Amino acid sequence: MKTETPETRTVELGVWKVVLLNDVHRDYRKNWNNILLALPLFRRLAIDIYTLEPMLSILFVLEKFWSGIESAVLLYLSSRLLRIIEVGLVSGTVNSGAILSAVAIRLCCSALAALLSWASDGIHPILRTRVMTHFQLHLMQGKSLPESSTTEAKSKFDVSARHAWTAFEDVADFLQQIVTTGSELALIVQSCRAAESPLFAVLFSGRSLWDQAHVVYTDNKYFQRMKSLVQMATDGYRSEVLGCDLVGYIITEYQKAMSSLGTTSDDWAEQQYSRRTDPLMRISEAIMGDVPMVYYAVAAIMKPSKFSISSIAILHQSSGSLEWSMRCLFRNVSKFRKRCERLRMIYEADKINNKLIDGCLSYPPEKSQGMSFELRDLSFSYPGSQSTKPALSNINLSIKAGQLVVIVGANGSGKSTVIKLLARLYDPTSGPDSLTADGLPISKYRMSELREATAMLTQEHSLFPVPLGENIGLGFVKHVEDMEMIDRAAELGGATHCLAKLTEGKDTILSAMNEAYGHDVPESEAHPLQVEMEKLRKNITLSGGEKQRIVASRTFMRFESGKVKFVVVDEPSSALDPEGEASLFNNLIDAREGKTMIFVTHRFGHLAKRADLIVCMKDGSIVETGNHKELVEMNGEYAKLYNIQASAFV
Ligand SMILES: Nc1ncnc2c1ncn2[C@@H]1O[C@H](COP(=O)(O)OP(=O)(O)OP(=O)(O)O)[C@@H](O)[C@H]1O
């Protein structure tokens, strides 16, 4: 892999390659510009947080301000005390009053610092929880938008409520850092003035990799091979490894890769980068660290009367702190860019460009036997798809209200894509007129009413982390607590038996959010803490087929609303036993009154003869349509697929 460009350079560090920017100053300028651009956002964030918790946010800011000046104030008070003691020792007359008052002030300040730190321990968690729950709600509203499943939207939501809090905390820390640096600088200026010496320069040592934007990767084939072999020796591959007797092979191959890799280091790139310096650089860094000391010594020789042990001590300590503060300040600048981007994403979470434009007509336009569809020269490519061929091309199809349709075809032939368009999860690329529902372009109808009229049962549907009964009830939210209705839906979805097996029945939560972890818990099974852990670990599991039954029951619950006009059933029975599958399909077909029903399945044997229309697809196009008898007589693609299934039972 080659990542070298006019803007970047690649440094090799052991097994790693590190890509760095050539013009780091441009990166700094960009960081500053980003910060300036993000200022209005931070202002908005500050106002939001203040509105949420006015008192706590003021206390938070005060505490941060105090933390900013604390080190300089305490250092100043210590130096004052030292100075008084030193003067007393030199002159032989100890001013006990002055010493005691300096000690008292120093103690009061320490007590105030401790009090504020105690208060901040209480303020932080409350403020954090309030801010995070507020932004969680904001993000949840954005995430619930129907088109947020597109790639663009997904990348927008790569943020969490925690990011809002960290952005706020980082701004506060950054401001605190500025106050700290400023107060330490003021202390040094004041000390230098007292000594009547010029201000000395603060010197920095070299930059670490952490201070720069960088990308680390490895293309060392021996290192990669060793990693793959280690992976093969883990539990996930145990049965294959033992089954093929691969243990010896893995060890030999690992040894081979290891000897080819030799002594090339696989230490973290960042560590290797900081070890890269030559000895001269190391020596100069060490000397630079001592420059302040040399400065005091020279100043003391030049102006002995103005210098004291206490002023040297204070200058030495404050120059060390100042260097550290300035380093942190610069480091924070690059951290800021990320925070700014995340904050912008959070505030823009509810401003996603709506790819699917909502219509304004009510659905259904009139009483009907189900939704009818016309597809005319319809083509479709997935947004951002790398494929050179559209997923669907030139589709012409007529589905009448109330028909039972079965779509068949090989993998990747476009079956699921057709139903995604019919359910308006995407719009056709061939324009709105290429897909009509009940005589009008589907995009003209209000999306919420279309969704209400559509029930989808696909293998992608999963269980929510709420009780199983609620999982079924969510099919018809208005009646989520109607146990009679839920029981009826469970019966039709084939879930009654598996619910009855569970101790807590419909109240069972599969992946309960009971976060539990242990620390230093002894391995002994009989240890009371180990027993407790085992109890907590016990997650209830259902088989794949049982889960599909619950999901299917949710679809039957949807039927209870009486508003469903279109039912899509896309391979929801992959894990069901033959009896379960047959009974699910029978129950669905029995409920087809007033609904158009489309099945997408590879095991279409028992549906074929009942279907009003069979659509056979190949490579994104429809190759045959008709009923079972017609298509078998045609002896084409459908007959081929049907005969393969039928011959298995002969
Ligand atoms: N989200 C997507 N983004 C990009 N391409 C996709 C996406 N989903 C499907 N495709 C592509 O569209 C084509 C049709 O896929 P589709 O899922 O409709 O096939 P299918 O007939 O339902 O297949 P299967 O029988 O395996 O479920 C395939 O080439 C697939 O790779």
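Everything below is about the structure printed above this text.
Below or above, wherever it landed, is the structure these notes cover. (Residues numbered from 1 in each chain as written. Predicted model: local features only at pLDDT ≥ 70, side-chain atom pairs only at ≥ 80, totals over all residues. Heavy atoms only, no water.)

## Remarks on the packing of aromatic side chains
Scanning the entire structure with this criterion turns up 15 aromatic pairs. Measuring from ring centre to ring centre gives 5.6 Å for Phe556 and Phe559, while their planes differ by 75°; the resulting arrangement is edge-to-face. One end of the pair is Phe556 and the other is Phe559, both in helix α18 (residues 544-559) and three residues apart, which spans about a single turn. Just as Phe556 is buried, Phe559 falls in that class too. Aromatic rings pair up to connect Phe60, Trp165 and Phe168 into one cluster. Stacked on the ring of Phe559, the Lys or Arg Lys595 has its end atom at 4.8 Å from the ring centre. (Phe/Tyr/Trp six-rings, centres within 6.5 Å; stacked < 30°, edge-to-face > 60°. Helix = DSSP H or I, 4+ residues; strand = E, 2+ residues; numbered from the N terminus. Buried < 20%, exposed > 50% of the residue type's maximum accessible area, 1.4 Å probe, protein only. Lys NZ or Arg CZ within 6 Å of the ring centre and 35° of its normal.)

## Structural notes on the nonpolar core
Membership of the largest hydrophobic core comes to 45 residues, with the highest contact counts inside it found for Ile550, Leu588, Phe599 and Tyr638. Among the elements that line this core, the one with the most residues is α18, at six residues. When near neighbours in sequence (up to four residues on either side) are disregarded, Leu588 contacts Leu457, Phe556, Phe559, Val569, Met597 and Phe599. Ile49, Leu56, Leu127 and Phe174 belong to the second-largest nonpolar core, a separate cluster that totals 32 residues. (Core = buried A, V, L, I, M, F, W, Y, C linked by side-chain atoms within 4.5 Å. Contact = heavy atoms within 4.5 Å.)

## Digging into the pattern of salt bridges
Opposite charge on two side chains permits pairing when their charged atoms draw close. Within the structure shown, the criterion is met by 20 salt bridges. Across the pair Arg603 and Glu581 runs a salt bridge whose closest N-O atoms are separated by 3.3 Å. With Arg603 in the loop between β11 (596-600) and α20 (605-608) and Glu581 in helix α19 (residues 578-590), this pair connects stretches of sequence that are 22 residues apart. For Glu581, a relative accessible area of 4% gives the class buried. Among the salt bridges present, the one from Glu637 reaches Lys618, with a minimum N-O distance of 3.7 Å. Remark: Lys618 occurs in strand β12 (residues 613-618) and Glu637 occurs in helix α22 (residues 637-648); sequence separation between them is 19 residues. We classify Lys618 as partly exposed; its relative accessible area is 37%. Connected via shared salt-bridge partners are Arg225, Glu253 and Lys256. (Salt bridge = Lys/Arg side-chain N within 4 Å of Asp/Glu carboxyl O.)

## Notes on the pairing of β11
Counting buried residues along β11, five of its five residues qualify, which places the element largely inside the surrounding structure. Because side chains alternate across β11, one face comprises the buried residues Thr596, Ile598 and Val600, and the other comprises Met597 and Phe599, equally buried. Here four bridges tie strand β6 (residues 404-409) to β11, and the two strands are oriented parallel to one another. For Val406, the partnering residue across the bridge sits in β11 and is Phe599. Bridge count between strand β10 (residues 566-570) and β11: five bridges; the pairing is parallel. Within β11, the position partnered with Val569 by the bridge is Phe599. Regarding the hand of the β-α-β motif, the stretch spanning β10, α19 and β11 is right-handed. (Pairing = 2+ DSSP bridges. Right-handed = clockwise from strand over helix to strand, strands pointing away.)

## Here's the deal with the environment of Ser362
As for its placement among the helices and strands, Ser362 is situated in the loop between α11 (309-347) and β4 (373-380). Taking the C-alpha atoms as reference, Ser362 lies 9.2 Å from Met447; in sequence the two are 85 residues apart. Not counting residues within four places of it along the chain, the set of residues in contact with Ser362 comprises Tyr445, Arg446 and Glu449. At 2.9 Å, the side chain of Ser362 forms a polar contact with the side chain of Glu449. (Polar contact = N/O pair within 3.5 Å; in protein donor to acceptor, adjacent residues only side chain to side chain.)

## A closer look at the pairing of β6
The buried fraction of β6 amounts to six of the six residues, a majority that puts the element mostly inside the structure. Residues of β6 alternate between two faces, with Leu404, Val406 and Val408 on one and Val405, Ile407 and Gly409 on the opposite face, all of them buried. Where β6 meets β12, five bridges bridge the pair, whose relative direction is parallel. Bridging across to β12, Ile407 finds its partner in Val615.

## Topic: the side chain of Glu86
Secondary-structure assignment places Glu86 in helix α2 (residues 54-91). Although Glu86 is buried, it makes no salt bridge; Arg83 carries the closest opposite charge, 4.1 Å away. The residues contacting Glu86, other than those within four sequence positions of it, are Ser308, Ile309 and Ser310. (Lys, Arg positive; Asp, Glu negative; His and termini not counted.)

## Description of the environment of Pro432
Looking at where Pro432 falls in the secondary structure, it is placed in the loop between α12 (415-422) and β7 (435-437). The spatial distance from the C-alpha of Pro432 to the C-alpha of Lys444 is 8.7 Å, given a sequence separation of 12 residues. Pro432 has contacts with Pro441 and Ser443, leaving out every residue within four places of it along the chain.

## Thoughts on the site of the ligand
Neighbouring the ligand are Tyr382, Ala391, Ala410, Asn411, Gly412, Ser413, Gly414, Lys415, Ser416, Thr417 and His602. Asn411 places a side-chain nitrogen or oxygen 2.9 Å from an oxygen atom of the ligand. Its residues assigned to classes, the shell around the ligand comprises three nonpolar, seven polar and one charged. (Near = heavy atom within 4 Å. Nonpolar A, V, L, I, M, F, W, Y, C, P; charged D, E, K, R; others polar.)

## Observations regarding the sheet that holds β4
Ordered in space as β5-β4-β7-β8, the four strands form an open sheet in which the pairing is antiparallel. Looking at strand neighbours, the two that pair on one side only are β5 (392-399) and β8 (440-441), the edges of this open sheet. Alignment of β4 against β7, held across three bridges, turns out to be antiparallel. From the neighbouring strand, Glu374 faces β7, where its bridge partner is Thr436. Across the face of the sheet, α12 comes into contact with β4, β5 and β7 while running at roughly 120° to β4. (Axes fitted to C-alpha atoms, helices over the stretch in contact; angles between N-to-C directions.)

## Topic: α12
Structurally, the α-helix is built with 3.6 residues per turn, so residues lying three or four positions apart point the same way. With six of eight residues buried, α12 lies mostly within the body of the structure. Where α12 is concerned, the buried positions are Lys415, Thr417, Val418, Ile419, Leu421 and Leu422. Where α12 ends, the next residue or the one after it, Arg424, has phi of about 50°, a positive value.

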